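Inside the fold
So you can see what is in the structure, the chains are spelled out below.
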Amino acid sequence: MSEMLSYDFMQRAFVAGLFIAILASMSGTFVVLRRYSLMSETLAHSALVGVAVGLVAGYNPLWMAVVVAIASAWLIEYLRSTFSLYSDAILAIMLSGSLAIAVIIVSLGGAFNNSLFSYLFGSILSVTDEDVQTIVIFGTLSLLFLLLFAKELYFIAYDEEVARTSGIKVKFLNFLLVTVVAIIIALSIRVVGSLLIGALMVIPTVAALQYRVGFRNTMLISLFFALFSVVFGMSLSYYYSLPSGATIVLSIIVIFIISLIINKK
Amino acid sequence: MKYELPIFDVKHLNFLVRGQKILSDISFEIFEGEYIAIIGPNGGGKTTLIRMLLGLETPTTGEIKIFGKKLRAFKEWYKIGYVPQRATLVDENFPATVEDIVKMGRIAKRGIFAGVSSEDREMVEDAMIKMDIINLREKMVGTLSGGQRQRVMIARALASAPKILILDEPNTGVDMLSQQRFYTLLAKLNKEENITILFITHDVGVIADDIGRLFTINEKAIICNDPKKTLSCEEVSDLYGINAHALYNHKHEHQQ
Ligand SMILES: Nc1ncnc2c1ncn2[C@@H]1O[C@H](COP(=O)(O)OP(=O)(O)O)[C@@H](O)[C@H]1O
Ligand SMILES: [Mg+2]
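All of the points below concern the structure found in this document. (Residues numbered from 1 in each chain as written. Chains lettered and ligands numbered in written order. Predicted model: local features only at pLDDT ≥ 70, side-chain atom pairs only at ≥ 80, totals over all residues. Heavy atoms only, no water.)

**Quick look at the site of ligand 1**
Residue and element names in this part refer to chain B.
- Phe15, Val17, Ile22, Pro41, Asn42, Gly43, Gly44, Gly45, Lys46, Thr47, Thr48 and Glu57 make up every residue found near ligand 1.
- Here an oxygen atom of ligand 1 and a backbone polar atom of Lys46 are 2.8 Å apart.
- Here a nitrogen atom of ligand 1 sits 3.2 Å away from a polar atom, N or O, in the side chain of Glu57.
- Considering ligand 1 on its own, with 560 Å² of exposed area, one finds that the protein chains cover 63% of that surface.
- Every element with two or more residues in the shell around ligand 1 is listed here: β1 (8–17) and α1 (46–53). (Near = heavy atom within 4 Å. Polar contact = N/O pair within 3.5 Å; in protein donor to acceptor, adjacent residues only side chain to side chain. Areas by Shrake-Rupley, 256 points an atom, 1.4 Å probe, with all protein chains shown as cover. Helix = DSSP H or I, 4+ residues; strand = E, 2+ residues; numbered from the N terminus.)

The structure is reproduced here in structure tokens:
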């Protein structure tokens with residue numbers, strides 16, 4: 001453990017990873033309760049378009065991922081509210097559409113290489129100082145929002161209309177929530193990878209829900225599960241040279257299965 | 001007689017959906033301390049009407065004032081407690097204890113940056129005591145019976161110290177005995193706490209002695225200021241169709 005942490009790159013990976021575990025699990029509680037799970041998956045693929053543009057045009061891929069993910073989240077909300085379409089159909093279209101665009105950009109730019117692979121599945125080796133800075137800046141802002149409005153978001157998740165009649169600005173908070181989720185997903189693709197971040201967002205909460213406890217404890221259990229799987233998954237990634245996203249996601253799935261079994265009715 | 005500001009002042013409300021009239025020319029006032037029951041056939045527009053009072057639906061034409069303010073300008077939503085029709089249908093997986101739910105009632109009253117005050121805690125405690133759910137506070141709502149859930153939802157609405165409770169027959173899955181107990185609680189809130197009650201119900205015969213006025217809604221509204229007399233009035237049977245007869249008989253059975 002101490003040997004692993006003596007490397008600079010591992011220190012950076014752990015700072016980034018722990019931050020992301022906190023952000024993904026906290027926002028994930030609301031994502032799951034609001035039935036936005038598929039949306040997080042779609043945003044992760046949209047973020048990939050940003051990565052592609054960044055890689056090809058020589059901008060910081062993480063920054064570009066944040067920008068495109070936010071734009072995509074807003075577009076989804078706009079399409080949902082303006083056209084009468086099934087919202088899961090919109091998400092499916094956006095998901096495959098984003099992937100298609102990303103692949104075309106990368107192919108045209110000749111950037112099909114290991115770097116792209118690391119954005120798909122996560123890589124602890126590739127976290128730079130600049131990445132850590134980006135994650136800490138955007139991550140802190142997102143965390144502030146989540147802490148400040150946790151009670152309101154919980155009320156909205158429970159009953160959107162009753163929340164509205166209690167004077168809560170439901171539309172505005174929904175808009176902020178999807179924006180923050182987009183940011184968190186984009187930040188996570190460095191460590192967890194865009195194909196796997198959806199799992200880190202959703203599974204800790206779904207596992208925590210098996211314990212059938214109140215709001216606060218559900219959040220805390222989900223946070224603990226996310227932190228544990230990130231630490232355990234990154235260690236596996238280090239010792240066995242595996243993509244960190246894959247090891248993190250498998251760790252959280254094992255936790256989920258155990259939770260399911262011990263809470264079986 | 002001194003002039004009293006109505007809680008709701010509704011004038012010439014019309015609601016059309018794709019050319020079809022759902023509500024037409026509805027006008028009434030609701031004053032503090034009243035207990036009003038709303039009846040009417042299914043699809044008659046009762047739910048739509050109270051959704052408009054709460055700003056969840058916008059009338060095609062007409063005006064709604066709350067505490068003297070136009071609905072759009074009204075900000076003091078904590079003064080109104082709303083319990084929707086689906087209130088007793090709880091998602092079994094939703095992570096909420098009874099106390100979690102009742103605490104939500106305080107959010108309306110609190111500023112964004114304010115923490116939880118001792119007043120918040122007291123009001124939550126108070127609402128749980130009044131609704132007799134204090135011993136259930138740690139229980140998950142998904143595990144409660146229909147009658148218990150009903151009381152949790154009222155406690156949530158009560159936690160913000162509202163002037164008026166608006167209830168949309170929240171009684172799916174509630175047994176008869178709990179229902180009777182629920183009516184007694186409502187009457188007590190109205191009499192002892194002077195909380196105004198607007199209650200959509202099918203059981204108007206059972207609560208006839210508690211209520212002051214009766215609104216019958218079936219696209220149009222008929223306001224009966226003396227429900228005991230007017231339950232048999234011809235206007236109601238016109239609006240209600242055959243059900244008016246049943247209602248009338250039901251009330252008589254109850255009184256025997
Ligand atoms: N926004 C809306 N769009 C379409 N139809 C509506 C809308 N609001 C209400 N209705 C229609 O209005 C009628 C009255 O419904 P509702 O208010 O639920 O009646 P009640 O509560 O008396 O049973 C129903 O036929 C319903 O379909
Ligand atoms: Mg109804």
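From this point on, the discussion continues.
**Considerations on the interface of chain A and chain B**
- Taken residue by residue, the interface counts 24 residues in chain A and 27 residues in chain B.
- Summed over both partners, the interface of chain A with chain B buries about 2,400 Å², with 63% contributed by carbon and sulfur atoms.
- Note that Arg86 of chain B and Glu161 of chain A form a salt bridge whose closest N and O atoms lie 3.8 Å from each other.
- Where chain A meets chain B, there are five residue pairs in polar contact (both at pLDDT 80 or more).
- Listed by contribution, the elements that provide at least two residues to the side of chain A that touches chain B are α7 (129–158), α8 (160–165) and α11 (215–240) of chain A.
- Top contributing element to the side of chain A that touches chain B by residue count: α7 of chain A, with eight residues.
- Class assignment of the residues belonging to the side of chain A that touches chain B gives a composition of 12 nonpolar, five polar and seven charged. (Contact = heavy atoms within 4.5 Å. Buried area = accessible area lost by both parts, 1.4 Å probe. Salt bridge = Lys/Arg side-chain N within 4 Å of Asp/Glu carboxyl O. Nonpolar A, V, L, I, M, F, W, Y, C, P; charged D, E, K, R; others polar.)

**Quick notes on a positive patch on the surface**
- A cluster of basic side chains, namely Lys151 and Arg216 of chain A together with Lys103 and Arg121 of chain B, defines a positive patch on the protein surface.
- With respect to the helices, strands and loops of the structure, Arg121 of chain B is situated in helix α3 (residues 118–130).
- Relative accessible area serves as the criterion here: at 52%, Arg121 of chain B is assigned to the exposed category. (Patch = residues over 30% accessible without salt bridge, like charges linked within 9 Å, V, L, I, M, F, W, Y side chains within 5 Å. Lys, Arg positive; Asp, Glu negative; His and termini not counted. Charge placed at Lys NZ, Arg CZ, Asp CG, Glu CD. Buried < 20%, exposed > 50% of the residue type's maximum accessible area, 1.4 Å probe, protein only.)

**Some words on the packing of helix α4 (residues 61–82) of chain A against helix α5 (residues 87–109) of chain A**
Residue and element names in this part refer to chain A.
- Interaxial distance between α4 and α5 falls to 10 Å at its minimum, and their mutual angle equals 145 degrees. Here α4 and α5 pass one another in a crossing that is right-handed. Contacts from Ser72, Leu75, Ile76, Leu79 and Arg80 of α4 reach α5 at Ser87, Ile90, Leu91 and Met94. (Axes fitted to C-alpha atoms, helices over the stretch in contact; angles between N-to-C directions. Left-handed = near helix turned anticlockwise from the far one by under 90°.)

**Focus on the sheet that holds strand β7 (residues 164–168) of chain B**
Residue and element names in this part refer to chain B.
- Reading across from one edge, β6-β7-β8-β3-β9-β10 is the order of the six strands in this open sheet, with mixed pairing throughout. Lying at the two open borders of the sheet, with one neighbouring strand each, are β6 (80–83) and β10 (220–224). Mean inter-strand twist for the sheet, computed between neighbouring axes without regard to direction, equals 15 degrees.
- Running over the sheet, helix α4 (residues 146–158) touches β6 and β7 and is turned about 160 degrees from β6.
- Sheet strands touched by helix α5 (residues 176–193): β3 (35–39), β7 and β8 (196–200). Its angle to β8, the strand with the most contacts, is close to 150 degrees. (Pairing = 2+ DSSP bridges.)

**Digging into the sheet that holds strand β4 (residues 61–66) of chain B**
All names here are of chain B.
- Ordered in space as β2-β1-β4-β5, the four strands form an open sheet in which the pairing is antiparallel. Every interior strand has two partners, whereas the edge strands, β2 (20–30) and β5 (69–70), have only one.
- Bridge count between β1 and β2: seven bridges; the pairing is antiparallel. The residue bridging Leu16 from the neighbouring strand is Lys21, located in β2.
- Where α1 meets the sheet, its contacts fall on β1, β2 and β4, and the angle it forms with β2 comes to roughly 55 degrees.

These figures come from the coordinates and say nothing about function on their own.
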